[in-house]
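Reading the structure
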Amino acid sequence: MNRSKRRTGRRHPLATVALLALGLVFTGGAYAALSTGTAQAEAEPTSQATIEEGKKLFQANCATCHGLEAQGTANGPSLIGVGAAAVDFQVGTGRMPMQMQGPQAQQKPPQFEDEQVKQLAYYVASLGPGPDIPADHLVNGGGDAANGAELFRINCAMCHNVAGAGGALTEGKFAPPLTDVSGVHIYEAMVTGPQNMPVFNDLNISPEDKRDVITYLKYVQDNRSPGGFELGSLGPVAEGLFIWIFGLGAIVAITVWITAKSN
Amino acid sequence: MSTITSRDDTQKRSFTAAASTYVNERTSLAGFVKELGRKAFPDHWSFLLGEVALFSFVVILITGTFLTFFFQASMAEVHYDGSYVPLKGVEMSVAMASTLDISFDIRGGLFVRQMHHWAALLFVASIGLHMLRIFFTGAFRKPRELNWVIGFTMFILAMGEGFTGYSLPDDLLSGNGLRIIDGLIKGIPVIGTWTSFLLFGGEFPGTAIVGRLYTLHILLLPAILVALIAIHLVFVVVHKHTQYAAPGKTQQNAVGPPILPIYAAKAGGFFFIIFGVLALIASMFTINPIWSYGPYDPSPVSAGTQPDWYIGFADGALRLIPPGWEFVWLDRTWSFNILVPLIAIGIFIVLVVIYPFIEAWVTGDKREHHIADRPRNAPTRTAIGAAGVTFYAGLWAAASSDILATHFSLTMEGVIHALQAVVIIGPFLAYFITKRVCIALQKKDREIVLHGYESGRIVKLPGGEFIEVHQPLDEYDRWRLVSYDAYQPLMIRPNARGKITVGQKLRAGMSRWFFEDRIAPVTRGELEASHSAHH
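Keep in mind the model is a prediction, meaning the values are calculated, not measured. (Residues numbered from 1 in each chain as written. Chains lettered and ligands numbered in written order. Predicted model: local features only at pLDDT ≥ 70, side-chain atom pairs only at ≥ 80, totals over all residues.)

1. What to know about the pairing of strand β5 (residues 332–335) of chain B
Residue and element names in this part refer to chain B. Selection criterion: Pairing between two strands is assigned when DSSP locates at least 2 bridges connecting them. Strands are runs of DSSP state E lasting at least two residues, helices are runs of H or I lasting at least four, and both sets are numbered from the N terminus onward.
With four bridges connecting them, strand β4 (residues 326–329) and β5 associate as antiparallel partners. From the neighbouring strand, E326 faces β5, where its bridge partner is S335. Between β4 and β5, which pair antiparallel and follow one another directly, the connecting turn spans two residues, one of which, L330, has a positive phi of 55°.

2. Some words on the packing of helix α12 (residues 236–259) of chain A against helix α6 (residues 109–136) of chain B
Definition in use: Axes, fitted as lines to C-alpha atoms, cover a helix only where it is in contact. Angles between the N-to-C directions of the axes lie from 0 to 180 degrees. Reported orientations rely on four angle classes, namely roughly parallel under 35 degrees, roughly antiparallel over 145, roughly perpendicular from 65 to 115, and oblique for the rest. Crossings are assigned a handedness: left-handed for a near helix turned anticlockwise from the far helix by less than a right angle, right-handed for a clockwise turn. Contact between two residues is assigned whenever their backbone-derived C-beta positions fall within 7 Å. Each residue is assigned to one class: nonpolar for Ala, Val, Leu, Ile, Met, Phe, Trp, Tyr, Cys and Pro, charged for Asp, Glu, Lys and Arg, and polar for all the others, Gly among them.
Two elements in contact, α12 of chain A and α6 of chain B, have axes separated by 10 Å at closest approach and are oriented at 65°. Accordingly, the angle class assigned to the pair α12 of chain A and α6 of chain B is roughly perpendicular. In the packing of α12 of chain A onto α6 of chain B, the handedness of the crossing is right-handed. Between α12 of chain A and α6 of chain B, the contacting residues are E239, G240, I243, W244, G247 and L248 of chain A on the first element and W118, L121, L122, A125, S126 and L129 of chain B on the second. Residues belonging to the contact of α12 of chain A with α6 of chain B are distributed by class as follows: eight nonpolar, three polar and one charged.

3. Description of the interface of chain A and chain B
Contacts between the two partners involve 50 residues from chain A and, on the opposite side, 55 residues from chain B. Breaking the side of chain A that touches chain B down by element, the ones donating at least two residues are α8 (145–155), α9 (157–160), β1 (167–168), β2 (174–175), α11 (207–222) and α12 of chain A. Ranked by residues supplied to the side of chain A that touches chain B, first place goes to α12 of chain A with 17 residues. In the side of chain A that touches chain B, the residues fall into 31 nonpolar, 14 polar and five charged.

4. With respect to the domain arrangement of chain A
Residues and elements named next belong to chain A. This is how it is decided: Domains are outlined according to an automatic or database domain assignment.
In terms of domain boundaries, chain A breaks down into domain 1 (43–125) and domain 2 (136–222). Once you take the C-alpha centre of each, domain 1 and domain 2 turn out to be 22 Å apart. When the residues that make up the side of domain 1 that touches domain 2 are grouped by side-chain class, the tally is six nonpolar, six polar and one charged.

5. A word on the nonpolar core
Let me state the cut-off plainly: The term nonpolar core refers to a set of buried Ala, Val, Leu, Ile, Met, Phe, Trp, Tyr and Cys residues connected through C-beta atoms within 7 Å. Buried, partly exposed and exposed are defined by the number of other C-beta atoms within 10 Å of a residue's own C-beta, namely 20 or more, between the two limits, and 12 or fewer respectively, with C-beta atoms placed from the backbone.
Core analysis: the largest hydrophobic core is formed by 150 residues, its most contacted members being A121 and V124 of chain A together with W118, A119, L122, F123 and L278 of chain B. Tallying contributions element by element places α6 of chain B first for this core, with 15 residues. Sequence-distant contacts of A119 of chain B, defined by excluding residues within four places in its chain, comprise S56, V59, I60, T63 and L278 of chain B. Judged by nonpolar contacts, the second largest core, of six residues, contains A383, A386, A387 and C438 of chain B.

6. Here we look at unusual backbone geometry
Residues and elements named next belong to chain B. Omega for the bond connecting K142 with P143 falls within 30 degrees of zero, at 10°, which places this linkage in the cis form. A cis amide bond links F204 with the next residue in sequence, P205, at an omega value of -5°. Inspection of the secondary structure assignment puts P205 in the loop between α9 (192–200) and α10 (209–239). Phi is positive for L330, close to 55°, though the residue is something other than glycine. As for its position among the elements, L330 is in the loop between β4 and β5. The exposed category is assigned to L330, around which 6 C-beta atoms lie within 10 Å. Not every positive phi belongs to a glycine, and D331 is a case in point at roughly 65°. As for its position among the elements, D331 is in the loop between β4 and β5.

Have a look at this one:
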């Protein structure tokens, strides 16, 4: 094919590409419209369709360890009565399905879409009553940060560190950092006590107090330290390492320069 | 002076000349300046480490003075009403509230506070490095033993300054630290509880401790430190500075640029560099964010609670003690989980302080030493130093055991057990490895002095033999390698009454331990013999 021959043709050389793109946009758009449609249809937590979808997902992805009816096996606990909150936390943060057996389930990129997580959650919730996914006004950070900070120091800081930087537990277990956990997941963790975390029920810390704790953590997440780089919020260990390596390192380099013989 | 007078006759006297004449006529400073200004200061980067400590101390004094204008050392309770939202309305002590005000509501306050704290960390770190330099080059030998003791005292005082300052804001982290100190004191048999009540003015935490620590922090400790710094520096002038062996450098002289003008200009500039580095760090990196720690309250304890780095070794020692080391005897609890670390650290500190005297006794060397050793030429001392460093480093690392565990995905127990091994077995390993490495390096030096460097040039002789041509050393380099003291184990000699005392035996044993394995410096005879063999 040479240039002159191509010019004689009726169609523009890019017409095929344009047609393909158009087709893809239509198909994709139609798919997106259709799938949002189904999501809206399934937003109803108690709808039979949602629960059915959830059950299918559960049997395909979770039943190996938790049993076909979520009754539990030797490899995983029963999930009857854990509630939607527990599932939304464990699956929504990628801890479940578990990557491997270990001291505790590791966080990883979530395996399911948001909508699938909800389907799983409402399926498990349908098996027995348990804590529900919290309402939006409890997790959007609109509470009293000062009260939340005090509650956090008293109830959470001994494991998660006072700045939420995380901390070590025994036998290789640990309390994860809270620097980028969403409000919903923080709330769900408090009510369900995942991994080694204790449960903070509503008599222990009221829903409003939980909202305040989330408000404080959101404040810390959204406002960088006024003093400059935080060095991981790890306190004196990071500061000591920094002054020895970078502070004293820089100064020793300068002493070498000062006493160097001029050429 | 004569040039000034002659110029005086011909032209107008300059202001500087007039001023210095005015001052000199009233103080006779000229002789002193002339004497001091002509002191030579040998040039080596490691000789500036003490200056780093001095200059960071000056930065601490300047920034600290600013902080005293605004800090209130009171434990009266107030409700915070400053601009940091997550603490608004929270009950806290005036000390904490005024530290928050310094951080958020006083112009430049946070910067100065951070600079003060970073300078404190640098102060103690540079003292540490300075002491290591003194130790490993043998610069503590006669006549400088007392200056070693003074310097070490300042190291301890600097830690005291650091700890008292760290405790002043009355935040959660420092309160936890004070609680550990309280526990340590209470763990001392008989006097512990009384001492704790005396210190805190009643049951911990009380309402007195911040005020008391403040007096120590800004009055007593700095006053002693300044006095000791003065004595330390006078001693440096009196003893002259040590220098490394090189042609023309002897035990009687000090070779280097004179203090005036070269050295003073360099040191003055160096002060501003240190000030600048600290200002840069303080403006970019958060230190001790008390606003995230919150006010002290005895009930919460945060994960990852550590002291500042220089107290870390003590915290680490507590963490390494296995569980259950306490028992009840005579109706009292004996806390060996506290006593053992206290005693171990106490012995370590005493050994470091008296090391110069131990070494002098073992070597029996009464001479003055102004030439600094290369560490390899004193293998046993270097090995002892390495063992001490390993011991300290193991304790120090243990203070961050939880952070080591989370950041390297290890178990806490594994980290603790590994560090227990480092603290107990590590020093012995470090000792043997270092000693062997030193002796190997000495052997290499000896080889180079006798036969020169390997040049990599292979020559075939007429007979078919291949040899590598060695490049002989020039005299300057050779001087550096051969001039060190050769010690030998002391002989046991009976005393005047014809008896061999236990002390004598101990000393001979120690001396044998020090000098049994040794590489003697190359002698002139050996050098000549090797030269005639080569040519």
